[in-house]
Amino acid sequence: SWLLERGRTAEAVDLLWTTWRFWWLHGHAGELARHVDLILAQSDDMPSHQRAMALGGAGFERIAGGDQDQARRLLERSLPLYRQAGDRLGLGLAEAGLGHLLAVKPDPAAATDLLEQTLGRLREMADEQFTEPQRLHYLLDAALAANFLGQIRLGQGDHRRAADLFTEGLSAAHSAADRFTILVSLYDLALSREAGDDQDDAADLLKQGLSVAAEAG
């Protein structure tokens, strides 16, 4: 709010993107929502890239708060702005979130199509040269897209393909050293192992997740 009160909206948007997972994981979704609403109120006059980031950040905040319909509308509005700005990493994250929401709605066909396109595009980017912040963003995109697509495959009964996708997501999450996506990947992979009647491996994966959660506090 201090940045917004001084007209430093771009810095406020950057701060939102940097910290939203911290607010989410530490149970401060309400505080995050307040800041997001203040940013959205000023977003109409932003350049397209900043507005895309504001809408995308607001979409993930709404997911955290349980308002899936509003989250979907916000993420859908962000996509053309990301494309206009040429931000493939921001686009990938927004598409991953939207794919997850489409699957929950449910519209698994549309979700599968979107997530397969997103993950395919991200795989093509794997050998590109990124700055360190870009590399971490890329890995987060890849981890979430793989996990969300794997959740659809698991729901369809294809636990082997789901496990492959969750393993891909876990690899990206470990490369990023990102506890949030590591936890998501471990839990999802445990579910796929359980579906494949591998109870011991499932239990081990859940224990790993508990250990990561304890480290995160």
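Here, the structure is the one placed above.
In this text, all values refer to a predicted model and were calculated from it rather than measured experimentally.

A. Region of the structure containing the overall build of the chain. When you go through the chain residue by residue, the secondary structure sums to eleven helices and zero strands. Ordered by position from the N terminus, the helices and strands of the chain form the series α-α-α-α-α-α-α-α-α-α-α. Residues counted as buried form 44% of the 217 residues belonging to the chain. Pairs at least 24 residues apart make up 57% of the contacts formed inside the chain by residues separated by at least 6 positions. For the chain, the accessible area works out to roughly 10700 Å², and carbon and sulfur atoms hold 50% of it.

B. Local environment of the packing of aromatic side chains. Evaluated as defined, the whole model comprises one aromatic pair. The interplanar angle of 25° and the centroid separation of 5.3 Å between the aromatic rings of Phe130 and Tyr138 together place this pair among those described as stacked. Residue classification places Tyr138 among the buried positions, given a relative accessible area of 9%.

C. Structural context of unusual backbone geometry. Look at the link from Lys105 to Pro106: it is a cis peptide, with omega at 5°. For Pro106, the location among the structural elements is in the loop between helix H6 (88-104) and helix H7 (108-124). A positive phi angle, near 50°, is found at Ala177, a position not held by glycine. Of note in the backbone geometry, Asp197 takes a positive phi value of approximately 65° without being a glycine. Here Asp197 lies in the loop between helix H10 (179-195) and helix H11 (199-216). Judged by its relative accessible area of 63%, Asp197 falls in the exposed class.

D. Molecular detail of the packing of helix H8 (residues 132-155) against helix H9 (residues 159-176). Where H8 contacts H9, the axes come no closer than 8 Å and their chain directions differ by 160°. Relative to H9, the element H8 lies roughly antiparallel. When the axes of H8 and H9 are compared, the crossing they make is left-handed. Two secondary-structure elements touch here, H8 through Arg135, Leu136, Leu139, Ala142, Ala143, Ala146, Asn147, Leu149, Gly150, Gln151, Arg153 and Leu154 and H9 through His159, Arg161, Ala162, Leu165, Phe166, Glu168, Gly169, Ala172, Ala173, Ser175 and Ala176. A per-class count over the contact of H8 with H9 returns 13 nonpolar, six polar and four charged.

Reading guide: rules and limits
Residues numbered from 1 in each chain as written. Predicted model: local features only at pLDDT ≥ 70, side-chain atom pairs only at ≥ 80, totals over all residues. Heavy atoms only, no water. Helix = DSSP H or I, 4+ residues; strand = E, 2+ residues; numbered from the N terminus. Buried < 20%, exposed > 50% of the residue type's maximum accessible area, 1.4 Å probe, protein only. Contact = heavy atoms within 4.5 Å. Areas by Shrake-Rupley, 256 points an atom, 1.4 Å probe, with all protein chains shown as cover. Phe/Tyr/Trp six-rings, centres within 6.5 Å; stacked < 30°, edge-to-face > 60°. Axes fitted to C-alpha atoms, helices over the stretch in contact; angles between N-to-C directions. Parallel < 35°, antiparallel > 145°, perpendicular 65-115°, else oblique. Left-handed = near helix turned anticlockwise from the far one by under 90°. Nonpolar A, V, L, I, M, F, W, Y, C, P; charged D, E, K, R; others polar.

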